[in-house]
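Residue-level structural notes
Now for the letters of each chain:
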Amino acid sequence: KSSGYILERSDDKMALTMNGALARCKARGLQVNSVIDVGASDGSWTRDCMKYFPDAHYFLIEAQEPHKKAIDKFSKDKPNVEYALAAAGRTEGKIYFDNSALFGGLASETPLAGKFIEVPVVSIDAEVRKRKLKGPYLVKLDTHGFEVPILDGAEKAMKEASLVIIEVYNFKLTETSLRYFEMCEYMRKLGFLTIEMVDFILRKWDRSFWQMDLFFIPANSKEFTCNSFD
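A brief report on the enclosed structure follows. (Residues numbered from 1 in each chain as written. Predicted model: local features only at pLDDT ≥ 70, side-chain atom pairs only at ≥ 80, totals over all residues. Heavy atoms only, no water.)

Describing the pattern of salt bridges
For the structure shown, the criterion picks out 16 salt bridges. For E109, the salt bridge goes to R90, with nearest N and O atoms at 2.5 Å. With a gap of 19 residues between them, E109 in the loop between β6 (106-108) and β7 (117-122) and R90 in the loop between β4 (87-88) and β5 (93-98) connect regions that are remote in the sequence. Given a relative accessible area of 45%, E109 falls into the partly exposed group. By relative accessible area, which is 38% here, R90 ends up partly exposed. Taking the shortest distance from any N to any O, the salt bridge between D152 and R90 comes out at 3.1 Å. (Salt bridge = Lys/Arg side-chain N within 4 Å of Asp/Glu carboxyl O. Helix = DSSP H or I, 4+ residues; strand = E, 2+ residues; numbered from the N terminus. Buried < 20%, exposed > 50% of the residue type's maximum accessible area, 1.4 Å probe, protein only.)

Given below as structure tokens:
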């Protein structure tokens, strides 16, 4: 209090959650025509996102075949939902994928140690063109350290992205993956700044900070024209 600040407990249970951040983005007037959900698993994140952007078209990319049944069930009777059973990367072809965890997984351009399979890989730009997806785009990445190759394959889409949500980490999951502060700098160079950070997770081993989700919007957005608290 002597420094001029008063700490108060927040009763907003959605303040630092994915749903809370999506709701705030919607309230701030974020425009989204197409949502690209990479690492869609069973479609549960898309299901939540549709609460806030129900009129958008949703394209899910998921590499693990066991999720197909759930995605088929979810997308049935939803004309604004489609998916590709593939990994996302720089270009189309084949890629290596660690499938040891159904709700985890990691793509790699080189063979992995341990358990892995080969799966089809697509680029976001190629799929946007093929499916005629309209911007502005919301791009969500839950890809466990393989973000840079995916963003390399989304060069054109990123120019029309109004929001990019990336699951980021405090540790290096692979030799080439970026830690959260490195991802912030990488996205700044692409023209995006952080507007939300949510869903903090501590790792089991020592209860230290493990991961969170960062929301990036274009650096020229109206939100960054105000630098005051009030």
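So, the nonpolar core
Considering soluble globular proteins, one finds that nonpolar side chains tend to be buried as a cluster. Residues I36, I124, V164, I166 and M187 are the most contacted members of the largest nonpolar core, which totals 38 residues. Ranked by residues supplied to this core, first place goes to strand β9 (residues 161-169) with 4 residues. Beyond its immediate stretch of four places on either side in the chain, V164 contacts V139, M158, M187, F192, L214, F215 and F216. Among the nonpolar cores identified, the runner-up in size contains 25 residues, and A21, W45, Y58 and F74 belong to it. (Core = buried A, V, L, I, M, F, W, Y, C linked by side-chain atoms within 4.5 Å. Contact = heavy atoms within 4.5 Å.)

Let's talk about the sheet that holds β5
Whenever strands of a sheet pair, they do so through backbone hydrogen bonds, lying parallel or antiparallel. An order of β4-β7-β5-β6 is seen for the 4 strands of this open sheet, with the pairing classed as mixed. Each end of this open sheet is capped by a strand with a single partner; those strands are β4 and β6. Sheet topology places β5 next to β6; 3 bridges connect them, and they run antiparallel. The partner of D98 across the bridge, within β6, is L106. (Pairing = 2+ DSSP bridges.)

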